[in-house]
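The lines below spell out each chain.
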Amino acid sequence: MKTIEITQRLSDAFRDATGDKNDLHQKYALGFHLEFLIEDAAQQTAEEDNVGNRCVSISTDFKKPLPIDSEVTIEVKKINDFGHYTAMMRHHADLVATSALIYSLDGSLCAGIGLYKRMSEEIKFYLEDLANGRKPLSYRLCKDQALATTLGFERDEHAMRNQLLALSSNALLQTQGDKLKGKIPAYTQHTIVIHPYAHKIGEEEVVLRTALAHQERNSWTGFVYGELADQRLKTPLFSAQLSIMAISPKALDRLLKE
């Protein structure tokens, strides 16, 4: 069991590092920030079990918004000897988020049963997006910003991969934000497949491509793919499926006043 306090300082640093401008995060923690804290706790357990230190897949369901300046506990459970774990984050008795994670020693994608099937579905949207000719968004990864995305960890590291993944929210909202129709985005679910080279990335230029999966009345799901700008790799650095609920400004006001 690990206990962490999600302070205003941590949240502000994460927002600055990822360019987040979501009004919801004036008072509530960012989903990617919570997910990285869960992942770090799971990684420490995986290292102790000697099954891996590189996350190849993480799927998180966000159950309830977490107010900033809250203390949370993270409980990690081992599923098997092949690097599969589950984790739960709680604030008092409230369940904030649950995650399913897969770790390996070298970042190999074969660590996950069924992972290739999920990737093939994502890559289908990726190829369709390429065919449509949409210009990808370009970002330059920075060590200082990468370090800010790991505040709250028990280790001092420049996690470029964390910064890269967190920027996927920015990219999705820039390209698909019209689906919100004046409402505020709140993430309900992330599923991320992390390719091996993403663990080795440095201060490089990357591009993020997005594609729409489906849309319902007050929610929608999109895919985001991160690649090196010079295209020297034949696969994405990561592929992510992000599900968003659209919250009305009035509902947000009620949340912020609670």
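Our subject is the structure listed above.
Each chain has its residues counted from 1, following the order in which its sequence is written. Where totals are concerned, whole chains, interfaces and linings use all residues; where local detail is concerned, this predicted model gives features only for residues with pLDDT of at least 70, and gives and counts side-chain atom pairs only at 80 or more. The basis for every side-chain value is the complete set of heavy atoms in the structure, and neither hydrogens nor water enter the calculation.

Draft legend 1. Quick look at the overall build of the chain. Counting its secondary structure elements, the chain contains 6 helices and 10 strands. Whether a residue is buried, partly exposed or exposed follows from its accessible area with a 1.4 Å probe, protein chains only, as a fraction of its type maximum: under 20%, in between, or over 50%, in that order. Evaluated residue by residue, the chain yields a buried proportion of 54% over its 258 residues. In what follows, residue pairs with any heavy atoms lying within 4.5 Å of each other are defined as contacts. If you take every contact in the chain between residues at least 6 apart in sequence, the share linking residues at least 24 apart comes to 70%. As displayed, the chain has an accessible area near 12,100 Å², and 49% of this comes from carbon and sulfur atoms. Runs of H or I in DSSP of at least four residues are treated as helices and runs of E of at least two as strands, each being numbered from the N terminus. Residue exposure ignores everything except the shown protein chains as possible cover, and the areas themselves are Shrake-Rupley values with a 1.4 Å probe.

Draft legend 2. The arrangement of the pairing of strand β5 (residues 94–104) in detail. In terms of burial, β5 is largely enclosed, as 8 of its 11 residues are buried. Any two strands are treated as partners once DSSP identifies two or more bridges connecting them. Sheet analysis places strand β2 (residues 54–62) next to β5, joined by 8 bridges and oriented antiparallel. Bridge pairing links Ser57 to Ile102 in β5. Relative to β5, strand β4 (residues 84–91) runs antiparallel, the two sharing 8 bridges. For Thr86, the partnering residue across the bridge sits in β5 and is Ala100.

Draft legend 3. Main features of the side chain of Ser168. The topology assignment puts Ser168 in helix α5 (residues 160–176). We call two N or O atoms a polar contact when they sit within 3.5 Å, provided that within protein one can donate a hydrogen and the other can accept it, with sequence-adjacent residues counted only if both atoms are side-chain atoms. For Ser168, the side chain forms a polar contact with the main-chain oxygen of Leu165, separated by 2.5 Å.

Draft legend 4. Just unusual backbone geometry, in detail. The phi torsion at Lys181 lies on the positive side, around 55°, for a residue other than glycine. Examined against the element boundaries, Lys181 turns out to sit in the loop between α5 and β7 (184–194). Positive phi values are uncommon outside glycine, yet Gln231 reaches one of about 60°.

Draft legend 5. Structural view of helix α2 (residues 31–48). The terminal C-alpha atoms of α2 lie 26 Å apart, and with 18 residues this matches the ideal 26 Å at 1.5 Å per residue to within 8%. For α2, the tally of buried residues reaches 15 of 18 residues, placing the bulk of the element in the interior. One or two residues past the end of α2 sits Asn50, with phi positive at roughly 60°. For a helix, the expected span equals 1.5 Å multiplied by the residue count minus one.

Draft legend 6. Molecular detail of the pattern of salt bridges. Each salt bridge in this description consists of a side-chain nitrogen of Lys or Arg and a carboxyl oxygen of Asp or Glu lying within 4 Å of one another. Scanning all chains against the criterion turns up 10 salt bridges. Between Asp40 and Lys2 there is a salt bridge, and its shortest N-O distance comes to 3.3 Å. Residue Asp40 is located in helix α2, and its partner Lys2 is located in strand β1 (residues 2–6); the two are separated by 38 residues in the primary sequence. When sorted by exposure, Asp40 lands in the same class as Lys2, which is buried. Between Lys64 and Asp94 there is a salt bridge; the shortest N-O distance is 3.2 Å. Residue Lys64 is found in the loop between β2 and β3 (70–78), and its partner Asp94 is found in strand β5; the two are separated by 30 residues along the sequence. Among the ionic contacts, a cluster of salt bridges with common partners joins Glu204, Asp230 and Arg232.

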